[in-house]
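Read off the chains here:
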Amino acid sequence: MSAAQWRKAMNSGAVAAVGRSMSTQTTRAAQPAIEAPPDAYAHSDAPRWLKYLWRTLSPRHVIVGAFVLLFPFVASPFLTFQIGAQSLALGLIALSLTFLGGYGGMVSLAQMTVAGIAGYVVAILGTSGSADISLNWPWWIVIPFAVSIATASSVFVGWLSVRTEGIYTIMITLAIGVAFYYLALQNYSVFNGFQGFQKVYPPTVFGIDWRSPLPFYFLVLFWSVAGYLLVKYLIRTPFGIAMQGIRDNPRRMNSLGYHVNAHRVAAYAVAGLIAAVGGVLMVWYNGLITPGSVSTSWLINILVIAVIGGMKHPIGPFIGAIVFVLLQNFAIDLIDRERYNLVIGGVFLAAVLFSPDGLLGLWSRRQARLKASPRAGQSISSTMRSPHLEPNRRRQP
C-alpha cells in the first residue's frame, strides 16, 4: 500500500469515526435526560446523623430491628442472656476484625487481646472478688480508662504491624496476643496469675441491675447497634473509601498522596475502640476474666466468627457469632464435649471452601440468581419473538 492510499484510508476512517460520534451525540441529545430522584431529606432541618439513618434504613432493617427488640420478651432468660447477649458481645468484637480485614485488608488476630485488655482494666481499676488487687474506682471513671487504654494498645499493635502484609501481619498480631496471654498468666501482682479476677459485675445504675438477663441484653444490643452504625457510616466517608482503596492497591493510593500507614493505624484505632467496648461487655457477661479469656483459642475463635458470617458487610460478624454460640451451647447434645472444636473447625472449613464470603455470600448469590432468572426468561422470550428468527413465517402470504 502506497503512502497516498494509507492516508486516504486513515482519513476515511477518521471521518467515519467522527460521523459515528456525532450521530451518537445527536441520539443522546434526542433522548430525554434521566434525572436522579430528589432527596426528600435535603431541605430538612434534622441532624446529619438522623438524615443518614433515614437514607440507609430499609424494610429488612425494620424487620431485624423488630425481631431483636421483641426477642427477649418471648424467649426464656437462658436464651436471652446465654444466646442473645453473648452473640451480640462476641459479634461486636468480631466486627472490629471485619472492619480491619474486610475494608482495610488487614487480618489481625489481636482483637480479642485488645478486648481482654479492656476487661482486665475494668477488673483491676474497678471492683472484683480480688479486693486486695482491685482499686475499687467508680464505674464512670473505670469504663473510660478501660476503653482508652485498650484503644491505645490497638494503636500500638497497628503501629507494629502496618508495615507488613498478608501472613506477616497475621503472625505479628498472633505473637502479640500470645505474649499478652503469658504476661497475664505469669504475673500475679497485677493480673493475679492464672486465677484472674472473679465477680466482675456491671454496676447498678438508675436502680437497674444490669446483670439481669433483660437489662443486660438491651445494654449489649445498644452498643452493638452503635458499633454497626459506626462502621456503616465510616465506610462511606472519605476515610473509609480511602481505606478500601488502600486495601485494593496501596501503591497507587500512596502515589496519589495518601499516607497509607497513617490510614492503617487510624483503622486500628477505630477497631480497637469497637473491640474495647466488646471486651467490657464480655467481662460483665462472664463475671470474670482469666488468661483463658485471651488464650490462643479465643484469638482464633474471633477469626472463625468473622469468616463464617462474612467479612464484606458489618452484619456478618453478628450472624457468625449467632452460629458460633448456638454450636457452642447445643452441639454438645449431639456429640461429645471434647469434639466441639472439631465441629467448629468443620463449619469453618466448609465456609472457606464453599463460600469464601461466609453465610452472607451464600445469601447474596441466591439473591443474584433470583434476580437473574426473570431477566433470563424475558431475554429468551424476546429472542423467540424476534422477526429474524421467523423468516419463513413472514414470507407466507
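On a predicted model such as this, the values are computed, not experimentally measured, just so you know.

Calculation notes
- Residues numbered from 1 in each chain as written.
- Predicted model: local features only at pLDDT ≥ 70, side-chain atom pairs only at ≥ 80, totals over all residues.
- Heavy atoms only, no water.
- Helix = DSSP H or I, 4+ residues; strand = E, 2+ residues; numbered from the N terminus.
- Buried < 20%, exposed > 50% of the residue type's maximum accessible area, 1.4 Å probe, protein only.
- Contact = heavy atoms within 4.5 Å.
- Areas by Shrake-Rupley, 256 points an atom, 1.4 Å probe, with all protein chains shown as cover.
- Patch = residues over 30% accessible without salt bridge, like charges linked within 9 Å, V, L, I, M, F, W, Y side chains within 5 Å.
- Salt bridge = Lys/Arg side-chain N within 4 Å of Asp/Glu carboxyl O.
- Core = buried A, V, L, I, M, F, W, Y, C linked by side-chain atoms within 4.5 Å.
- Expected span 1.5 Å × (residues − 1).
- Bend = angle between axes of the 7 residues up to and from the residue.
- Polar contact = N/O pair within 3.5 Å; in protein donor to acceptor, adjacent residues only side chain to side chain.
- Phe/Tyr/Trp six-rings, centres within 6.5 Å; stacked < 30°, edge-to-face > 60°.
- pLDDT = per-residue confidence, 0-100.

Q: Even after reading the chapter, I still don't get the overall build of the protein chain, so can you show me in this structure?
A: A tally of helices and strands in the protein chain yields 16 helices and four strands. Counting the 397 residues in the protein chain, one finds 41% classified as buried. For the protein chain, long-range pairs separated by at least 24 residues make up 74% of all intrachain contacts whose partners lie at least 6 apart in sequence. When the accessible surface of the protein chain is summed, it comes to about 23,000 Å², and 66% of that surface belongs to carbon and sulfur atoms.

Q: What's the story with unusual backbone geometry in this structure? I'm lost.
A: With the exception of glycine, most residues fall at negative phi, and the peptide bonds are largely trans. Its identity as a non-glycine residue notwithstanding, Asn 136 has a phi of 60°, on the positive side. Relative to the elements of secondary structure, Asn 136 occurs in the loop between helix 5 (111–125) and helix 6 (139–161). Its relative accessible area of 42% is what places Asn 136 among the partly exposed residues.

Q: Please clarify how a nonpolar patch on the surface should be interpreted in this entry.
A: Among the surface-exposed residues, Leu 69, Leu 70, Phe 73, Val 74 and Leu 214 lie close enough to one another that they form a single nonpolar patch of about 530 Å² accessible area. Top element by residues in the nonpolar patch is helix 3 (residues 59–74). It accounts for four residues. Along the chain, the position of Leu 70 falls in helix 3.

Q: Could you clarify how one ought to interpret the nonpolar core in this entry?
A: Soluble globular proteins tend to pack their nonpolar side chains together in the buried interior. In this structure, Leu 90, Val 122 and Trp 284 are the most contacted members of the largest nonpolar core, which totals 88 residues. The contacts of Leu 90, once residues within four sequence positions are left out, are Met 282, Trp 298, Ile 302, Ile 305, Ala 321, Phe 324 and Val 325.

Q: Before we go on, may I ask you to explain the environment of Gly 278 in this structure?
A: Within the secondary structure, Gly 278 sits in helix 11 (residues 260–286). Gly 278 gets classed as buried once you look at its relative accessible area, which sits at 0%. It is 7.0 Å that separates the C-alpha atoms of Gly 278 and Leu 90, two residues lying 188 residues apart in sequence.

Q: Honestly, helix 4 (residues 77–104) in this entry has me stumped. Any pointers?
A: A turn of α-helix holds 3.6 residues, and therefore any two residues three or four places apart point the same way. The terminal C-alpha atoms of helix 4 lie 38 Å apart, and with 28 residues this matches the ideal 40 Å at 1.5 Å per residue to within 8%. Largest kink in helix 4: about 30°, centred on Thr 98. Counting buried positions along helix 4 gives 24 out of 28 residues, so the element sits mostly inside the fold. In the stretch just after helix 4, Gly 105 is the one whose phi turns positive, near 70°.

Q: Would you explain the side chain of Ser 128 in this entry?
A: Examined against the element boundaries, Ser 128 turns out to sit in the loop between helix 5 and helix 6. A distance of 3.3 Å separates the side chain of Ser 128 from the backbone nitrogen of Ser 130, its partner in a polar contact. Within the structure, the side chain of Ser 128 is placed 2.5 Å from the side chain of Ser 134, a separation counted as a polar contact. The contacts of Ser 128, once residues within four sequence positions are left out, are Ala 123, Ser 134, Phe 197, Gln 198, Lys 199 and Val 200.

Q: Hey, could you run me through the packing of aromatic side chains in this one?
A: Think of a pair of aromatic rings as described by two things: how far the centres are apart, and how the planes are tilted against each other in angle. All chains considered together, the criterion is met by 17 aromatic pairs. Between Tyr 120 and Phe 197, the aromatic rings sit 6.2 Å apart at their centres with planes inclined by 80°, giving edge-to-face as the arrangement. On the criterion of sequence distance, the pair formed by Tyr 120 in helix 5 and Phe 197 in strand 1 (residues 197–198) is long-range, its members being 77 residues apart. On the basis of relative accessibility, which here comes to 0%, the residue Phe 197 falls in the buried class. Considering the side-chain rings of Tyr 217 and Phe 218, the 5.5 Å spacing of their centres and the 80° angle between planes classify their relative orientation as edge-to-face. Cluster of aromatic residues (ring-pair linked, three or more members): Phe 67, Phe 71, Phe 73, Tyr 217 and Phe 218.

Q: Quick question: what am I supposed to make of the side chain of Thr 98 here?
A: Within the secondary structure, Thr 98 sits in helix 4. Beyond its immediate stretch of four places on either side in the chain, Thr 98 contacts Tyr 103, Ala 306, Met 311, His 313 and Pro 317.

Q: Sorry if this is basic, but what is going on with the environment of Ser 255 here?
A: Locating Ser 255 in the fold gives a position in helix 10 (residues 250–255). For Ser 255, the side chain forms a polar contact with the main-chain oxygen of Arg 252, separated by 2.6 Å.

Q: How do you make sense of the confidence of the model for the protein chain when you look at a structure like this?
A: Note: predicted coordinates in regions of low pLDDT should not be interpreted at a detailed level. Per-residue pLDDT for the protein chain has a mean of 83; in total, 79% of the residues score no lower than 70. Of all helices and strands in the protein chain, the one with the weakest mean pLDDT is helix 1 (residues 3–30) (43), whereas helix 5 scores best (97). Counting contacts from residues 389–397, a segment whose pLDDT is below 50, to residues more than four positions away or on other chains yields four contacts.

Q: Looking at this structure, how should I read the pattern of salt bridges?
A: Pairs can form between side chains of opposite charge whenever their charged atoms are close. Counted under the stated rule, the structure contains two salt bridges. Across the pair Arg 247 and Asp 248 runs a salt bridge, and its minimum N-O distance is 3.0 Å. Take Arg 247: its relative accessible area is 31%, and that puts it in the partly exposed class. Using a relative accessible area of 55% as the deciding quantity, one classes Asp 248 as exposed.

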